[in-house]
Amino acid sequence: MADKPKVYALSTCPYCKRTKRFLDQHKIVYECIDVDLLDDDKQDKVLEEVEKLTGRRSFPVVIIGKEVIVGHDEDKLKKALKL
Amino acid sequence: MSDAKAERVYCPVCLAKFKFEAGWKEGSIVICPICGQKLRLARSADGWVGDRVDKGTEKEIRERSENFARLRGYEFSDIKEELIEGLLGKHKRFGDFYCPCRMEHVPEYQCPCKPTRGGDVEKNGRCYCGFFWKKT
């Protein structure tokens, strides 16, 4: 795989936790950004990225190659990761 | 007939006013009928206000959400405890019980958030984060 999957999450959100747990359980190496814990400047930049990718500010967002998955969706994750 | 004039109580959680009921007095403990918050009545220069009982504690957010669900006839999902944990995390990091699934830490997203108080559960069957659900 070219790039590691990337997860945009909120540290307090149970659905984001489930997505991270799912990836961990499947031993997927991924980059994770807890957007709510970032400094203001960095946060603005990341939120802009998320909005550009998804058109909204909803979490989790998982980027796998060209796939953008919004929300905790194990079927979509499995398909995108070919599990 | 100033006694007959309908007085109102300001709730600092939902930032709205509700009717002052007969028999209430300074120090009475009441439940906000809009958001379910337990309040201690106090008089201020602007009229009656409710002070949050157990402010900032796990007890406060648990009671508030239980009261809100009971008042509206909603039920909780199976991830209730995870959402409570998220709400406590929001309080710890951002100072109040904001929706655990939202980025914005503003008064209207204090749980139960404004869209939920405004009827999102009736419309969508659940609130934004899935804490409150319409009974099936």
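Residues numbered from 1 in each chain as written. Chains lettered and ligands numbered in written order. Predicted model: local features only at pLDDT ≥ 70, side-chain atom pairs only at ≥ 80, totals over all residues.

Draft legend 1. Examining the overall build of chain A more closely. For chain A, the count of helices and strands is three helices and four strands. Going from the N terminus to the C terminus, chain A shows its helices and strands as β-α-β-α-β-β-α. What you see for chain A is a C-alpha radius of gyration of 12 Å, in line with the 12 Å of a compact globule of 83 residues. Going through the 83 residues of chain A one by one, you find that 28% of them count as buried. Here the contacts in chain A between residues at least 6 apart in sequence split such that 55% fall between residues at least 24 apart. (Helix = DSSP H or I, 4+ residues; strand = E, 2+ residues; numbered from the N terminus. Rg over C-alpha atoms; globule rule 2.2 N^0.38 Å. Buried ≥ 20, exposed ≤ 12 C-beta atoms within 10 Å, placed from the backbone. Contact = placed C-beta atoms within 7 Å.)

Draft legend 2. Structural context of the sheet that holds strand β1 (residues 6–9) of chain A. Residue and element names in this part refer to chain A. Strand order in the open sheet formed by four strands is β2-β1-β3-β4, with mixed pairing between adjacent strands. Strands at the two margins of the open sheet, each flanked by one partner only, are β2 (31–34) and β4 (67–70). Looking at each pair of strands side by side, their axes are set apart by 15° on average, direction ignored. As judged from the three bridges shared by β1 and strand β3 (residues 61–64), these two strands associate in the antiparallel manner. Note that in β3 the partner of Val7 across the bridge is Val62. Strand contacts of helix α1 (residues 14–25): β1, β2 and β3, with the helix running at about 160° to β1, the strand carrying the most contacts. (Pairing = 2+ DSSP bridges. Axes fitted to C-alpha atoms, helices over the stretch in contact; angles between N-to-C directions.)

Draft legend 3. Spatial organisation of the confidence of the model for chain B. When pLDDT is averaged across chain B, the result is 95; 96% of the residues are at 70 or more. Both scores are available for the predicted complex, with the pTM at 0.91 and the ipTM at 0.87. (pLDDT = per-residue confidence, 0-100.)

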